Amino acid sequence: MLMNVIDGPYLRDLLDQPAALRNTWQNLSDDPDLRHLARHLHEGKYRRVVLTGMGSSYHALYPLHLALTCSGHNSQLVETSELIHYMAECLTADVLVVAVSQSGQSAETLSLLGLVNGHVPLIAVTNDAASPLARRCDVQLLMHAGPESSVSCKTYLASLLTLEWLAAILTAQDVAIVKQELEPAAAAVEMYLEGYETHVEYLREAVVGVRQLYVAGRGPSLATAGTGGLILKESARFSAEGMSSAAFRHGPLEAVNSSVFSAVLAGDRRCEVLNRRLARDIRHAGGRSEIVDMHDAQGPFLIPPVTERIRPMLEILPIQMLSLALAAMNGHEPGKFELASKITATE
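Residues numbered from 1 in each chain as written. Predicted model: local features only at pLDDT ≥ 70, side-chain atom pairs only at ≥ 80, totals over all residues. Heavy atoms only, no water.

**Comments concerning the packing of aromatic side chains**
As a reminder of what qualifies: For Phe, Tyr and Trp, rings pair up if their centres lie within 6.5 Å, where Trp contributes its six-membered ring, and each pair is then called stacked (planes under 30 degrees apart), edge-to-face (over 60) or tilted (otherwise). Helix and strand assignments follow DSSP, with helices taken as H or I runs no shorter than four residues and strands as E runs no shorter than two, numbered in order from the N terminus. Each residue is placed in one exposure class: buried if its accessible area under a 1.4 Å probe, protein chains only, is under 20% of its type's maximum, exposed if it is over 50%, and partly exposed if it falls in between. Both a distance and an angle decide whether a charge sits over a ring: NZ of Lys or CZ of Arg must be within 6 Å of the ring centre and within 35 degrees of the ring normal.
On inspection of all chains with the given rule, the structure shows two aromatic pairs. Between Y214 and F248, the ring centres sit 5.0 Å apart and the planes meet at 85 degrees, which makes this aromatic pair edge-to-face. Here Y214, found in strand 6 (residues 212-217), pairs with F248, found in helix 14 (residues 245-249); they are 34 residues apart in sequence, far enough to count as distant. Pair check on accessibility: Y214 and F248 agree, each one buried. Sitting over the ring of W25, K179 keeps its end group 5.0 Å from the ring centre.

Written out as structure tokens, the structure reads:
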């Protein structure tokens, strides 16, 4: 155990992520009710798929949004808080809603259930089978991450895994092949976390003098960018922001200096060259930047080689290690809430 990293529930949750992924993977099933909704989608009975969540649950939906859109479906990704107050008119019987809420009982989720009220087909992705969301949906996809203390980590990875499974069904992929492709996720996460103490020690040196941190990426990696910025604020109480690599050039690049650190996600072949160019330009501008990649990265930013389907589950791990290093640097327990709570009960 690292002397300056205070042991606590968040650290134990981080180390429990491989088990959470294995349990979730083992319980993936080809539900006939889900198949029924998917068939209606393919037949054109639903004019739109609305994907909704808050925080990391919202960000985790982005790869599914891309998969649906690229398969020719009309996909709309919106925070639940916006959906219930400004877009409730779109919640009609010819719209399929996918709602992700790890607790299944956040304030926004409860309001959504009141609006849907059995009249709009609803697929729920949650970690609590007894939650209002699980009990009042048409189809439930349960994560099996186990209890989680504070900042979303193992439930976030379980969300990504479950949503890849859902994407396979909604876009008519071979689910047997997809399940086989998802199996290595747990082992890859376990491999990375075996060296977590070394990772944190490396990062403690790398973040000395850093005052602002960014996580940037494109495509499916935007899930990691958004969640990364969120969890650094929650777990380390550190000024951090997640955004697209392109958006970084539209403003933040001008504020780069030696106190700014950017973790840039290399991503897939479509935009890897652009992402690497951003990291290089940040360094040339006087900032600090590291690439997160499976082949060409330094120290904790080098993640195990996996398929593109699994990549976002691995990309978040260096950011989690950053949260431990930043908390150690500032002398507080990582992931310990003082103002927030695990379940957001107030809008």
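On we go from here.
**Considerations on unusual backbone geometry**
We note that N117 has phi near 45 degrees; this positive angle belongs to a residue other than glycine. Take N117: it is sitting in the loop between helix 7 (107-116) and strand 4 (122-126). With a phi angle near 60 degrees, A172 is a residue other than glycine that sits in the positive phi range. Positionally, A172 belongs in the loop between helix 9 (154-170) and helix 10 (175-182). Of the residues examined, A172 reaches a relative accessible area of 55% and is grouped as exposed.

**A few points about helix 12 (residues 196-206)**
Put simply, the rule reads: Arc definition: directions from the helix axis to the C-beta atoms. Whether two residues touch is decided by their heavy atoms; if any such pair falls within 4.5 Å, the residues are in contact.
Within helix 12, the full set of buried residues consists of Y196, H199, V200, L203 and A206. Viewed end-on, helix 12 has its buried residues packed into an arc of 115 degrees, placing them on one side of the element. The outward face of helix 12, more than 90 degrees from its buried face, is lined by the exposed residues T198 and E205. Residues of helix 12 that are buried in the fold lie against helix 1 (9-15), helix 11 (184-193), strand 8 (260-265), strand 9 (288-292) and helix 16 (311-330).

**Comments concerning the sheet that holds strand 9**
Put simply, the rule reads: At least two DSSP bridges between two strands are needed for those strands to be called paired. Lines fitted to the C-alpha atoms define the axes, with helices restricted to the stretch that makes contact. Angles between their N-to-C directions range from 0 to 180 degrees.
Spatially, 7-6-8-9 is the arrangement adopted by the four strands of the open sheet, whose pairing is parallel. Of all the strands in the sheet, the pair left with one neighbour each is strand 7 (240-244) and strand 9. Strand-to-strand, the axes of this sheet are offset by a mean angle of 20 degrees, without reference to chain direction. Those strands touched by helix 15 (residues 272-284) are strand 6, strand 8 and strand 9, and its axis lies near 160 degrees from that of strand 9. Taken strand by strand, helix 16 contacts strand 6, strand 8 and strand 9, and its axis lies near 175 degrees from that of strand 6.

The values reported here are purely geometric and, on their own, carry no functional implication.
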